[in-house]
Amino acid sequence: MEVRTRFAPSPTGFMHLGGLRTALYNYLYAKKMGGKFILRIEDTDQERYVEGATEVIYDTLRGCGMQWDEGPDVGGDYGPYIQSERKQLYLPYAKQLVESGHAYYCFCTECELKARREAAEARGEVYKYDKHCLRLPKEEVEERLARGDSWVIRLNAPTEGESSYHDAVYGDMTFPNDTLDDMVLIKADGMPTYNFANVIDDHLMGITHVMRGAEYLSSTPKYNLLYEAFGWDIPEYVHLPSVMRDSHHKLSKRDGDAYYSDYVEKGYLTEALINYLALVGWNPGDDREFFTMDELIDVFDISRLNKAPGIFDVDKLTWFNAEYIRRMDFDRYLEIVTPWFDKVLKGKNIDYHRLAELMKDRTEVFNRVPDMVAFLGELPEYSVDLYTHKKMKSNPEVARTALALCLPVLEGIDEADWNETVIHDRLMETIANSGMKNGAVLWPLRIAISGQASTPGGAMEIAYLLGKEETLRRIHCGQEMLASAE
RNA sequence: GGCCCCGUGGUCAAGUGGCCUAAGACACCGCCCUUUCACGGCGGCUACUCGGGUUCGAAUCCCGACGGGGUCACCA
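Residues numbered from 1 in each chain as written. Chains lettered and ligands numbered in written order. Predicted model: local features only at pLDDT ≥ 70, side-chain atom pairs only at ≥ 80, totals over all residues. Heavy atoms only, no water.

A. Local environment of the sheet that holds strand β7 (residues 184-186). Overall, antiparallel pairing links the 3 strands, which are arranged β3-β4-β7 in an open sheet. Since the sheet does not close on itself, it has two edges, and those belong to β3 (103-106) and β7, each with one partner. Here the strands of the sheet are splayed against their neighbours by 40° on average, with no regard to which way each runs. Here 2 bridges tie strand β4 (residues 152-155) to β7, and the two strands are oriented antiparallel to one another. Note that in β7 the partner of I153 across the bridge is I186. (Pairing = 2+ DSSP bridges. Helix = DSSP H or I, 4+ residues; strand = E, 2+ residues; numbered from the N terminus. Axes fitted to C-alpha atoms, helices over the stretch in contact; angles between N-to-C directions.)

B. Molecular detail of the domain arrangement of chain A. For chain A, the assigned domains are domain 1 (4-81 + 244-315), domain 2 (84-240) and domain 3 (379-486). A C-alpha centroid distance of 27 Å is found between domain 1 and domain 2. Here domain 1 and domain 2 share an interface that buries about 2,300 Å² over both sides, 53% of which is from carbon and sulfur atoms. Looking only at domain 1, the three residues that lose the most surface to domain 2 are R4, R6 and T44, adding up to 27% of its buried area. Inspection of the region where domain 1 meets domain 2 yields 3 salt bridges. Residues R40 and D201 are paired through a salt bridge, measuring 3.9 Å at the closest nitrogen-oxygen approach. Summed over the shared surface of domain 1 and domain 2, the number is 12 residue pairs in polar contact (both at pLDDT 80 or more). Contributing elements (two or more residues each) for the side of domain 1 that touches domain 2: β1 (4-7) and α1 (17-32). (Domains from an automatic or database assignment. Buried area = accessible area lost by both parts, 1.4 Å probe. Salt bridge = Lys/Arg side-chain N within 4 Å of Asp/Glu carboxyl O. Polar contact = N/O pair within 3.5 Å; in protein donor to acceptor, adjacent residues only side chain to side chain.)

C. Fine view of the protein's contact with RNA strand B. Lining the immediate environment of RNA strand B, one finds 66 residues, of which K187, N283, K316, R362 and G457 sit closest. The protein-proximal atoms of RNA strand B, defined as those within 4 Å of the protein, are 70% sugar or phosphate. One nitrogen or oxygen atom from the side chain of T44 is found 2.8 Å from a phosphate oxygen belonging to RNA strand B. The contact in question runs from a sugar or linking oxygen of RNA strand B to an N or O atom on the backbone of A453, over 2.9 Å. Contributions of two or more residues to the surface near RNA strand B are made by α4 (110-122), β4, β6 (171-176), α6 (194-204), α11 (314-327), α17 (438-450) and α18 (459-466). Looking at the surface near RNA strand B residue by residue, the classes come out as 25 nonpolar, 18 polar and 23 charged. (Near = heavy atom within 4 Å. Nonpolar A, V, L, I, M, F, W, Y, C, P; charged D, E, K, R; others polar.)

D. Summary view of the environment of W232. Looking at where W232 falls in the secondary structure, it is placed in the loop between α7 (220-230) and β9 (236-240). Taking the C-alpha atoms as reference points, W232 and N433, 201 residues apart in sequence, are found 89 Å from one another. Sequence-distant contacts of W232, defined by excluding residues within four places in its chain, comprise Y93, V199, I200, H203 and Y227. (Contact = heavy atoms within 4.5 Å.)

E. Spotlight on the packing of helix α15 (residues 396-411) against helix α16 (residues 420-434). Two elements in contact, α15 and α16, have axes whose closest approach is 10 Å; the angle formed by their N-to-C orientations is 140°. The crossing of α15 and α16 is right-handed. Counted together, L405, C406, V409 and L410 of α15 and I423, R426, L427, T430 and S434 of α16 form the full contact between these two elements. Its residues assigned to classes, the contact of α15 with α16 comprises 6 nonpolar, 2 polar and 1 charged. (Left-handed = near helix turned anticlockwise from the far one by under 90°.)

F. Summary view of the packing of α17 against helix α19 (residues 468-484). Between α17 and α19, whose axes approach to 8 Å, the crossing angle comes to 105°. Considering the angle they form, α17 stands roughly perpendicular to α19. Between α17 and α19, the residues in contact are L445, A448, I449 and S450 and T471, R474 and I475, respectively. When the residues that make up the contact of α17 with α19 are grouped by side-chain class, the tally is 4 nonpolar, 2 polar and 1 charged. (Parallel < 35°, antiparallel > 145°, perpendicular 65-115°, else oblique.)

G. Layout of the pairing of β9. Taking burial as the measure, the 5 residues of β9 include 4 buried ones, the bulk of the element. After leaving strand β8 (residues 209-213), the chain enters α7 and then returns to the sheet as β9, a path that is right-handed. (Buried < 20%, exposed > 50% of the residue type's maximum accessible area, 1.4 Å probe, protein only. Right-handed = clockwise from strand over helix to strand, strands pointing away.)

H. Main features of the environment of E429. Within the secondary structure layout, E429 lies in helix α16. Here the alpha-carbon distance between E429 and L355, two residues 74 residues apart in the chain, equals 25 Å.

I. Quick look at α11. Here α11 is 14 residues long and its end C-alpha atoms lie 20 Å apart, about the 20 Å a rise of 1.5 Å per residue gives. Here α11 has its buried residues at L317, T318, F320, N321, A322, E323, Y324 and I325. On its buried side, α11 packs onto α8 (260-266), α9 (270-278), α12 (330-345) and α13 (352-360). At the N-terminal boundary of α11, the capping side chain belongs to D313, with an oxygen 3.0 Å from the backbone nitrogen of D315. (Expected span 1.5 Å × (residues − 1).)

Put into C-alpha cells, the structure is as follows:
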C-alpha cells in the first residue's frame, strides 16, 4: 500500500521549529517510501485566523525543499485541503455517530461548564464532563434542536476498561478509559473541533502514517474511539519527542528562538537548519552528520527515532551553519554576504570580493558579519594597551619603532601598485633588514590600521582593503596616540 | 493532583546481556601552525539518576524511588 503522510499545521503566521521538524520527518518518510506527502491546513478555529499565514507555511516548506504532493495550492484527489473549506463535510459524520450511539447532542452552555469546572477544581477534583446531556430524553433533544437552542455534539466515551494502541516510537500504550473525556466533536459555531476534523480528514485523505508531536500521545485513545466507531482502519502512529529550549522549557515564542523566521533573519542557512533539525530526535546510526535533503531521504528510518525530548542546541546549529558556509560556492557566499557588508561599509570603496574571501571561513552566522568588518569603514576608538602583546613581543615602545619603520615603506608604494603582493614583499624585506621579529612589527601595524585585537586577515590584507590613503592616515593616528602616551 | 511518557558527559548521541576500564559530534580547556583572529592538526576534561532484584555476567531485562516532560478546552 502506498504510504501517505501529512503535515497539518494551523495557520498562526509563524512556523515553529518543532513543527518544521515534524514536517521534515513526514516528508522524509513519504519520499523514502515512494509515497505521498500531503499538506493540510487546519484552520477550524476561526478566531485565530491570521492574514497571510498560509503563505508563511508554503514559503517555509518550499524554502526548505519540502514540496508537498497534494495540498491547497497544488490540488490532489482528496481536496479541498483547507479544513474551513471542508466545513459542511464533518457534520454528517458526527450525526452518524449520534445515530449509532457513539455521540450525543449537548446543550450545556460554556458558562455552565465553566462553573462546574471551577466547582470541581475548588473541591480538588479533576473536572471531566459528566455526560449530563447524554441522559436527556430523545424527545427533549428533538424539541430543543427544533427550538434553536445552541448545541454541540460530544463523543460518548467509555468509562470503564482500558484502551491500547501501538506507536512506532513509544511501543504499546495503554490508558484507563475513565481518563477519557467526552470531547466535543462539533462546536456551537458548526465547525468541527481539531480532534474530530483531524480523524475524519486523515481517513478521507487516506493517511497511512500519522507522525506528530508526542503531546498527542495521551489523546490518541480518543481518536481511536472515533476510528472504531466508524469502523475505519487506524493509521500507524509515529509520535515524535518534543524539541526543547532547555530541560524545562519547550522552544518558546517569548524568547525569540522558536520560529524558523527568527533564524533566517539572523543569517542561518536553511540547509544547515534542516540538517541540524533532522538530528534532534533522530540519527543515522553511524557518525555521519552532514546530509543533503536527498541523503536524508535515503537514510531516514523510523526505527531510529528517539523517545527522549531533545534540546535544541544553538551552538551546534551555529557550527553546522559555519560548516555549510565554508563549503558553499564562493559566488553564492559573496551574494549572501554583500547586504551584510553594506550595513556598515556602503559607499566605502572596499574590495568586497577580497573581503569576502577573507570572511568566508570566519563567518558563523551572517548577522555577526557587520561587527566583524565595521572597522574597515571607520577606525574604532581603541586603547593604547592594544599595542602591548607579550607573545608578539610588542609594547608601545616597540610599536613606535615599528610604525616609524613601516610608514615610509608604505608611503613609497605607488597608488597603482597598492596590492597585497607588493605590500607584503616591501614590508617583509624591510622587516628582515631591520632585524626585528615579524610579529613585533606587524602586530602594531595591524593594531594601528584596524583598532582592534582580532581582525579577519592580517596587517597586509587590511592595508590593502583600506587603500593607501586611509592606511597612512590610520598609521599617523596611531603614532599620535603613542606619542601622547609616552 | 489523576493518567501517560522519558532518564548515557553541559548539549546531541552510539549502545538492544559479555566486543563498554562506554564511540562520535558540539561546547569548553591546553598545545602546534601562524603577522592577530578564524581555519586546520594533536591532546585533554566530563556520563550510564539512585536503590533493589534477575543472571556466571547489566548502561542494556524486572521492580521501586527520585528527577524531568506531556496531557487533562466548544485551541490546534
